[in-house]
Every structure is written in C-alpha cells, then in structure tokens.
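Chain by chain, the residues run as shown.
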There are 2 protein chains.
Amino acid sequence: MMKVKGFLGNGIASGIKKSGRKDLGIIFSEKPADAAAVFTKNVVKGAPVILGMERIKTGLCQALIVNSGVANTHTGKDGLKRAIQTTKYLSGELKINEDLIIPSSTGIIGGKLPVKKIKKAIPRLVSGMSENRLTEVAEAIMTTDKFPKYSYRNIMIDNKKGTIAAMAKGAGMICPDMATMLCFILTDININRGSMRKALRNSVNLTFNRTIVDGDMSTNDSVFLLSNGYLGNSAISGNSKEYRKFEETLTDLNLELAESMARDGEGATKVVKIVIKGAKSEKQASIVAHTVGTSLLVKTAFFGEDPNWGRLIAAAGRSGVKFDPEKLEMFFDRIKVVKNGMQCKNEADYKHIFKKPEFTVTIDLKLGNASSYVLTSDLTFDYVKLNAHYRT
Amino acid sequence: MMKVKGFLGNGIASGIKKSGRKDLGIIFSEKPADAAAVFTKNVVKGAPVILGMERIKTGLCQALIVNSGVANTHTGKDGLKRAIQTTKYLSGELKINEDLIIPSSTGIIGGKLPVKKIKKAIPRLVSGMSENRLTEVAEAIMTTDKFPKYSYRNIMIDNKKGTIAAMAKGAGMICPDMATMLCFILTDININRGSMRKALRNSVNLTFNRTIVDGDMSTNDSVFLLSNGYLGNSAISGNSKEYRKFEETLTDLNLELAESMARDGEGATKVVKIVIKGAKSEKQASIVAHTVGTSLLVKTAFFGEDPNWGRLIAAAGRSGVKFDPEKLEMFFDRIKVVKNGMQCKNEADYKHIFKKPEFTVTIDLKLGNASSYVLTSDLTFDYVKLNAHYRT
C-alpha cells in the first residue's frame, strides 16, 4: 500500500466522464504543506494552470483537486471563474482557506468545467479521504492512459525512514517540456523551499522533459511537489549529502513514471531510448536526440521493427547541428552497426534488437564529449486510431 | 503532350526495382544548358548530391540521369565512385564531357548503386530518347508516389511562346527545406544565370519548402532548372517585367507540383493549407505554421475529420512564438470558429469543412501584419503502414 505520513487521498466518479469512470481526485495534507511546481511552457495555458501559477507563489498548499474528462482550457474568464468556484466549494467542505487549494484538469480542450457536478460530488470526495487511497487519485486522473501510474521510494534521512510518493498521468501529447501530463509528488521529508524547487526542476529536466510520444505539448501540464515535514528530520538544504540523496531519489522516481508514460504512449508497443553522445554540448546533443526521437519515419521504423539506420542518420542530419556524417557511429543496444557513416555489421546480426519491447539507439557524433537522451515510443496504427477519434 | 524545344527524355526499367517498374530516367539538352539547382540542407547528403553540388558550379549541364530504387546515400567513397561511374558510362554513350552530366538517386538509403545494371541499360535509355518522352522521366523517378507528377506552362516572351515544364517526385518525407523530392524543370526561354538562380530560389521557398507531410528532410532532395535558350528571346535579366513574369510562372508551376506532392503524401486523404496571419514577421508566421502543420495531434484530427480547434491552438502555443491566446481568431475556410481564444460558432456550422478533401485553416495571432502558410496532409493508417514496412 502506498502511503505518506499526513497525506490523505481519494478518487471517485462524479459524472464528468460519460463512461462512468473515476474522474475526480483529491490530495489533502493534514497541515499546510510546503509546495513547489513546474508548469507547461505552452503560451496557451489552461485556466487551472493560470490559477495554480498564482497560488503556488505563497509556497504553501494543503489540498489538490483534480478532474479528468474536461481540461478547462480555451474557456476564458468563465473557465477561470469555474476553477476558482471549485476550490471555493472544496474550501467550505474542508474548512481551509481557498488559497491553499490548487486545482488541475485534464481531458478535452474547450469544454466547460461542470462545476455543479463537482460541487455535488465534493462531500463524498472528502468524506472518503484516506491515507490508503492515494492510488485512487492516480485512477481518477486517467484519460487515454491504459493503466494508472504511481510509485514511491523510501529513503533514510536522519536515521528515519522517509517516503516520496508520486501519482501521475500521461499517455498522449507527451514530449520534452512536458505535455498532457500531471504528476503529484508527496513527501513527509522536511526540506526547505528553495531546495524543493531546485530538486523538482532538476529531476523534471532529466525525466519528464525527455519523454517523447508525439512532440506535442499540452496546455495543462503540471508537476507538484508537496512536503509536510511529518518525518521530523532537520530540514534538508544547500548541497548537503541529504539534499543529493533527496534529488537522486526524486529523479529515480520520476524516471520510473516517465518511462511508464512512454510505455503507455498512445498506441505504443515499444519504448526506445535515443542517446546522443560525442556532442560539443549537452544542448546540442539534446537537439539531435529530440529531432531523431520525434521523426515520424524513425518512429514508424520502430513499429515496423525495421532496423533502418539510414532514417536515424537522416533525422540527425536535419537537426541543424553540423557534424561529419562520415565519422558518425551508431549502436543498437551494444552492437556497433554504423562506423564512419556506413553499415559495418550484417543486418542479421542486429535485426533482433528491433524486435525487443525496449532498446537503446546510441549515435556518436564524434564532435566532443557531451551527451543527452530522450525516451520515445513507436508510431502505430493505434496512435492514429486513438487520436483521429478521441472526441467521438 | 508535354514538350520543351531542344530537350529529349526517356524512362525505362533497368532492373534496379525488384518490381520491374521503370527506375531509370534521362533528360538531355541538345546543347549544354544554363543550369541552376537547390539542394537539401540536411548535413547528411547522398553521393549524387555531393557530386551535383560540385558540377553545377560551372553553371552548365547537358544531361541529367536519375534512378529510383536506391538512394546511394551513406555509401561513403564507394557511393561517390559509383555516381561518377554512372556519368562516365553515359558520357561515353552521349559523347559529351562527363562534367556536363549530373546524376540523381532516390529510394532506399544505404544500398549500393547497381552500376552494372545501369551500364547495361544506358544504350537502351539513350537510343529511346525523344522530345515526346519527358513524362516517362516522371514515371521513372517514382518511389512511394501513387501517380507521376509533371506539368508545364506556356508564356509569351518577346512575342514568342516559351515553355517551362517540370517533372517531379515526392510523397513521403516531404517537409519545409524539401525532403525526398526531386524536381527537374526545363525551359527554352533564354534567361541569364543570376536571374535563373534567383527565380529558382524564390519559387522553391514559396512552394516546395512549404509542403509538409511528415517533417522529415531527405538526404537527396534536389531541384534543377535548365535553360537552353532555344526560344531565341533576348536573355531575361534584372527585375524586368519579363523576369517577374518568368518567376511568377515558375512559382505557379512549382506550386501545382508541391500541391500534388501533398495530395500524394504517404497515405494522405486530405490536403490542408495552414495560414498564419497577424504575425510580427513572416519568419514568426512561418514558425507557427510549421509547428501546427507538423503536429501529429493536428494531423490525426484532420484524418478523423474532427474540427478540434483546441489542438490547433495548443500546437501554435508550443511554437515558441509569444501571443495572447485570448485575442486569437481562427477560421475554417471562411467561417470564423474562434474569437478571443474561444469557440464562437456551433460545431454543427463548421463540421462539414473538415469532411472536404481540401480546406484552409487560418489562425490570426493579432500581433502584426505578416503572414505565411504551409501545405500539410493528414496522418493516416496508411502512412504508418507504408513507412513501417517500406523496406520489406
């Protein structure tokens, strides 16, 4: 059972989704928690993101309310009003200040948030809150996800066993800079706010921002980190050993969730790690990795289990980064297949790798020592099917 | 019948394609023609492109030899040798200097160019050349194309009827900066070389570089313009009325071919023009148009005939261009569907537009007066099918 001291959760069906599935979730901290967040960089932001960006400024949050089914985006002033209204109703039920409540929404863009349904469901949502029901939040935020995504890590801090737990959703529109994905991370470990923000930012850059399904970026992406300090450790700060342990553990947890998003990428049958090494800078490596990881020709080749290294090189070549194609090397897992820009191994000796559900493509640009990577998935019939008919 | 004075063509099956279809074409000018070309910007370039870039420097070309089936890319020094060998064989047959011959190749990346087959086929290729067989060149260069692409325009220059004719191929990997596409443009109109280059560059920017199928850019893209001056007009130069007429006609011709490539985009069922207006600069408009036109979520919505304006705005929002989503307007053909960032029309009143095989989406960013556009197609099951199994 996934639990974090002092945090309660619940997820119920409130009727927003026509299917009758769970669509409303809550996370509640017994006392106001220190809070940090990372939001979408899309210039178009959903109403809950606009409100959340404002409220997170206090550095405190006691409750997160999240619905799936309707994204509450492109809804103008009315959408913002509805987001605020939701938190007002919840603040009345919880008897806490509404500024301590942040809403999130995910689902169809453009529809109105059904506040009456949410108002009606709030008493049931709150009365059912339990430390045993955090995983139900993960169920309530699913849209095209095929499975709920949550996980946790325990770490020893001051000889006490602390917990970091996370609930996430995301299957489509996932790309660097975080696309329709939500992630709520809770910890009982005491950590000062500056360190929280830094750890969150660094871990998001190394995980969610490197996960590509289709290169789109949603209007509602948000990652929250809440700490209630219930562990009673002395607050983590600076670049201490404890801070590094915290950041590493958080990154490891987020990587697990990012990988499960790539695995659940709409219609995906494979998760492929694209590693670019031998670049002059990490940024340069990252540009090439992103160009290769979003190439439709590359992604369909993965689906077809076709070890077409030429498409991979052609995608790298249009990234805008100058390299000498005649020096380039490529590896499928650990097998070198391209040397000096040409095939150096029989296809029979590496074809099997493309049949695996997970593998790594490494391209060495031979320009320098920097590297980066992205996680991507294959482009399949089911991706097209899901997205051509999502609304109907 | 498409003819241009002084130019001969032919297209035959030489056995490069296993299917037995035409795979080898030639264009021959009775005298060395003035020549200009635009090549791929991919840093990875096929052997024929490397050779073509070198030979075009003389500004003269008398014969183009082109094969489909094998791209002769990622083939290193051996590939370059094979490209040169092909032109050597042809120069012997035609009895012209080999430097006046430029080869092109399109097809599978990485395979070796079968020079023996080509050598064997050259006598037949040359002996069959005729002014009536330019369209057979268009057939010989098809790869995943469903139909051959060629067209021509007549214009009056010095009271004489001149011709500009073009043969092209391209269906997949088509994107701005020209992806696997070849285009051979022939004219009998006398025009000086500087003006030829300028007219070609301008027309390519307005046409092929605005056509998106999947955002990939090939290693072998080339557009050639050959002028033999057989019309006998005084050479077009500067910014004269004749120059403007020439450039406009060339652009119009290239637009027709670019549109037919988008229509033939791998698996495409629709061609959609994405117009971005109200930008601060043409470049800004072009960035947004490209981001929207390559978005998988947008392209699958086109396939699903789902008028999901929210996906269009979300794609614009991640382009990196700052705009105020609450001022944005959107039109489907001439119907305004979004005003001040919100839906302003019932879906029933615009749903029919997405059922058309061709339509226009216009987004007004309300930032300034500049505009740009791209042509894109929908992302379909057949796109995935074709590209997952192209090699097998």
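Attention here is on the structure that accompanies the text. Keep in mind it's a predicted model, so treat the numbers as computed, not measured. (Residues numbered from 1 in each chain as written. Chains lettered and ligands numbered in written order. Predicted model: local features only at pLDDT ≥ 70, side-chain atom pairs only at ≥ 80, totals over all residues.)

Some words on the packing of helix H7 (residues 282–294) of chain B against helix H9 (residues 309–317) of chain B
Residues and elements named next belong to chain B.
- H9 packs onto H7 with a crossing angle of 130° between their chain directions and a minimal axis gap of 8 Å. In terms of axis orientation, H7 runs oblique to H9. Here the hand of the crossing between H7 and H9 comes out right-handed. Here Val288, Thr291 and Val292 of H7 lie close against H9, whose contacting residues are Leu312, Ala315 and Ala316.
- Each residue belonging to the contact of H7 with H9 can be placed in one class, and the counts come to five nonpolar, one polar and no charged. (Axes fitted to C-alpha atoms, helices over the stretch in contact; angles between N-to-C directions. Helix = DSSP H or I, 4+ residues; strand = E, 2+ residues; numbered from the N terminus. Parallel < 35°, antiparallel > 145°, perpendicular 65-115°, else oblique. Left-handed = near helix turned anticlockwise from the far one by under 90°. Contact = placed C-beta atoms within 7 Å. Nonpolar A, V, L, I, M, F, W, Y, C, P; charged D, E, K, R; others polar.)

A closer look at the relation of the copies chain A and chain B
- In the superposition of chain A on chain B (RMSD 0.0 Å, axial shift 0.0 Å), the rotation amounts to 180°. Taken together, these values place the two copies in the relation of a two-fold axis. If distances are taken from each C-alpha of chain A to the rotation axis, the shortest is found for phenylalanine 381 of chain A, at 2.7 Å.
- Interface overlap between copies: 100% of the residues of chain A at the interface are likewise at the interface in chain B, consistent with a symmetric, same-surface contact. (Least-squares fit on C-alpha atoms with pLDDT ≥ 70 in both.)

Overview of the interface of chain A and chain B
- Listed per partner, the contact involves 48 residues of chain A and 48 residues of chain B.
- At the level of secondary structure, the elements contributing two or more residues to the side of chain A that touches chain B comprise helix H8 (296–303), helix H9 (309–317), strand E12 (342–343) and helix H10 (381–388) of chain A.
- A total of six residues in the side of chain A that touches chain B trace back to one element, the largest contributor, which is H9 of chain A.
- Taken together, the residues of the side of chain A that touches chain B sort by class into 18 nonpolar, 22 polar and eight charged.

Some words on the pairing of strand E1 (residues 7–12) of chain B
Residues and elements named next belong to chain B.
- Burial analysis of E1 places five of its six residues in the buried class, the great majority of the element.
- Sheet topology places E1 next to strand E2 (residues 24–39); six bridges connect them, and they run antiparallel. Residue pairing across strands places glycine 9 opposite isoleucine 27, the latter belonging to E2. (Buried ≥ 20, exposed ≤ 12 C-beta atoms within 10 Å, placed from the backbone. Pairing = 2+ DSSP bridges.)

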